[in-house]
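# Report on the structure
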Amino acid sequence: QVLASCHGPTAPRQAQALAENTSSSSSGGALVQVLLPGSLRNGTEWEVFLVNVLTACIRMEGCPPNSMIQIVIQVPSDDGSVLAACVHASVSALMDASIEL
(Lines give C-alpha, C1' and ligand atoms only; values in the text may rest on other atoms or scores of the structure.)
Protein backbone atom coordinates (compact mmCIF):
# COMPACT_ATOMS: atom_id res chain seq x y z
CA GLN A 1 0.00 0.00 0.00
CA VAL A 2 1.41 3.37 -1.06
CA LEU A 3 -0.02 6.88 -0.63
CA ALA A 4 1.24 9.87 -2.61
CA SER A 5 0.38 13.55 -2.59
CA CYS A 6 1.50 16.33 -4.91
CA HIS A 7 1.92 19.95 -3.86
CA GLY A 8 2.69 22.59 -6.42
CA PRO A 9 3.86 24.16 -8.47
CA THR A 10 4.61 26.61 -5.66
CA ALA A 11 7.36 29.06 -4.84
CA PRO A 12 10.19 27.09 -3.22
CA ARG A 13 11.54 27.87 0.20
CA GLN A 14 15.32 27.99 0.04
CA ALA A 15 15.85 25.97 3.24
CA GLN A 16 13.30 23.39 2.18
CA ALA A 17 14.81 22.90 -1.28
CA LEU A 18 18.31 22.48 0.12
CA ALA A 19 17.49 20.20 3.04
CA GLU A 20 19.96 17.33 3.25
CA ASN A 21 17.34 14.62 3.76
CA THR A 22 15.44 15.34 0.54
CA SER A 23 16.18 14.62 -3.08
CA SER A 24 15.45 17.23 -5.70
CA SER A 25 16.28 18.03 -9.29
CA SER A 26 15.77 21.10 -11.40
CA SER A 27 15.34 20.88 -15.14
CA GLY A 28 14.23 24.06 -16.84
CA GLY A 29 11.19 25.61 -15.19
CA ALA A 30 10.48 23.74 -11.97
CA LEU A 31 12.28 21.98 -9.16
CA VAL A 32 10.98 18.47 -8.48
CA GLN A 33 11.30 17.26 -4.89
CA VAL A 34 10.39 13.79 -3.62
CA LEU A 35 10.00 13.05 0.08
CA LEU A 36 9.88 9.42 1.15
CA PRO A 37 9.65 9.50 4.96
CA GLY A 38 9.93 6.31 6.93
CA SER A 39 12.39 3.54 7.43
CA LEU A 40 12.71 1.95 4.00
CA ARG A 41 16.06 0.28 3.35
CA ASN A 42 16.79 2.16 0.13
CA GLY A 43 14.87 5.35 0.90
CA THR A 44 17.42 7.91 -0.29
CA GLU A 45 18.35 5.85 -3.34
CA TRP A 46 14.68 5.52 -4.25
CA GLU A 47 14.12 9.26 -3.79
CA VAL A 48 16.89 10.02 -6.30
CA PHE A 49 15.47 7.46 -8.75
CA LEU A 50 11.94 8.85 -8.42
CA VAL A 51 13.15 12.43 -8.91
CA ASN A 52 14.95 11.43 -12.11
CA VAL A 53 11.94 9.51 -13.47
CA LEU A 54 9.39 12.20 -12.59
CA THR A 55 11.57 15.03 -13.88
CA ALA A 56 11.72 13.24 -17.24
CA CYS A 57 7.90 12.80 -17.24
CA ILE A 58 6.81 16.34 -16.35
CA ARG A 59 6.44 18.94 -19.11
CA MET A 60 8.51 21.73 -17.61
CA GLU A 61 7.32 24.26 -20.21
CA GLY A 62 3.94 24.30 -18.48
CA CYS A 63 5.44 25.11 -15.06
CA PRO A 64 6.23 28.64 -13.94
CA PRO A 65 9.96 29.42 -13.70
CA ASN A 66 11.54 29.08 -10.26
CA SER A 67 8.70 26.93 -8.94
CA MET A 68 8.72 23.65 -7.02
CA ILE A 69 6.63 20.49 -7.31
CA GLN A 70 6.78 18.48 -4.11
CA ILE A 71 5.66 14.84 -4.00
CA VAL A 72 5.28 13.17 -0.61
CA ILE A 73 5.08 9.37 -0.63
CA GLN A 74 4.11 7.26 2.37
CA VAL A 75 4.36 3.48 2.56
CA PRO A 76 2.09 2.17 5.37
CA SER A 77 2.73 -1.48 4.49
CA ASP A 78 5.38 -3.16 2.37
CA ASP A 79 3.92 -6.16 0.54
CA GLY A 80 6.52 -6.14 -2.21
CA SER A 81 7.08 -4.12 -5.41
CA VAL A 82 7.15 -0.91 -3.39
CA LEU A 83 9.27 1.02 -5.90
CA ALA A 84 6.86 0.28 -8.75
CA ALA A 85 3.93 1.24 -6.54
CA CYS A 86 5.71 4.51 -5.65
CA VAL A 87 6.17 5.37 -9.34
CA HIS A 88 2.51 4.66 -10.12
CA ALA A 89 1.26 6.56 -7.06
CA SER A 90 3.49 9.55 -7.91
CA VAL A 91 2.28 9.74 -11.50
CA SER A 92 -1.33 9.40 -10.33
CA ALA A 93 -0.79 12.25 -7.85
CA LEU A 94 0.70 14.43 -10.59
CA MET A 95 -2.23 13.70 -12.88
CA ASP A 96 -4.70 14.46 -10.08
CA ALA A 97 -2.94 17.79 -9.47
CA SER A 98 -3.30 18.65 -13.21
CA ILE A 99 0.47 18.74 -13.77
CA GLU A 100 1.16 18.31 -17.50
CA LEU A 101 3.04 15.09 -18.27
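Residues numbered from 1 in each chain as written. Predicted model: local features only at pLDDT ≥ 70, side-chain atom pairs only at ≥ 80, totals over all residues. Heavy atoms only, no water.

## Some points on the nonpolar core
Note on soluble globular proteins: their nonpolar side chains tend to be buried together. Within the largest apolar cluster, 23 residues are counted, with the highest numbers of intra-cluster contacts made by Cys6, Ile58, Ile69, Ile71, Ile73, Cys86 and Leu94. Among the secondary structure elements, those contributing two or more residues to this core are β3 (30–35), α2 (43–57), β4 (67–74) and α3 (82–96). The element best represented in this core is α3, accounting for six residues. Setting aside residues no more than four positions away along its own chain, Ile69 makes contact with Cys6, His7, Pro9, Ala30, Leu31, Val32, Gln33, Ile58, Cys63, Leu94 and Ile99. (Core = buried A, V, L, I, M, F, W, Y, C linked by side-chain atoms within 4.5 Å. Buried < 20%, exposed > 50% of the residue type's maximum accessible area, 1.4 Å probe, protein only. Helix = DSSP H or I, 4+ residues; strand = E, 2+ residues; numbered from the N terminus. Contact = heavy atoms within 4.5 Å.)

## A look at the pattern of salt bridges
Side-chain pairing between opposite charges can occur once the charged atoms of the two side chains come close. Under the defined criterion, the tally for this structure stands at one salt bridge. Across the pair Arg59 and Glu100 runs a salt bridge, and its minimum N-O distance is 2.7 Å. Residue Arg59 is located in the loop between α2 and β4, and its partner Glu100 is located in the segment after α3; the two are separated by 41 residues in the primary sequence. Given the relative accessible area of 39%, Arg59 is considered partly exposed. (Salt bridge = Lys/Arg side-chain N within 4 Å of Asp/Glu carboxyl O.)

## Brief notes about the confidence of the model for the chain
Across the chain, pLDDT averages 81, with 81% of residues at or above 70. Element-level pLDDT for the chain is lowest in helix α1 (residues 14–17), with a mean of 52, against a maximum mean of 93 in α3. For residues 17–21, every residue scores under 50 in pLDDT, and the model assigns this stretch five contacts once sequence neighbours within four places are set aside. (pLDDT = per-residue confidence, 0-100.)

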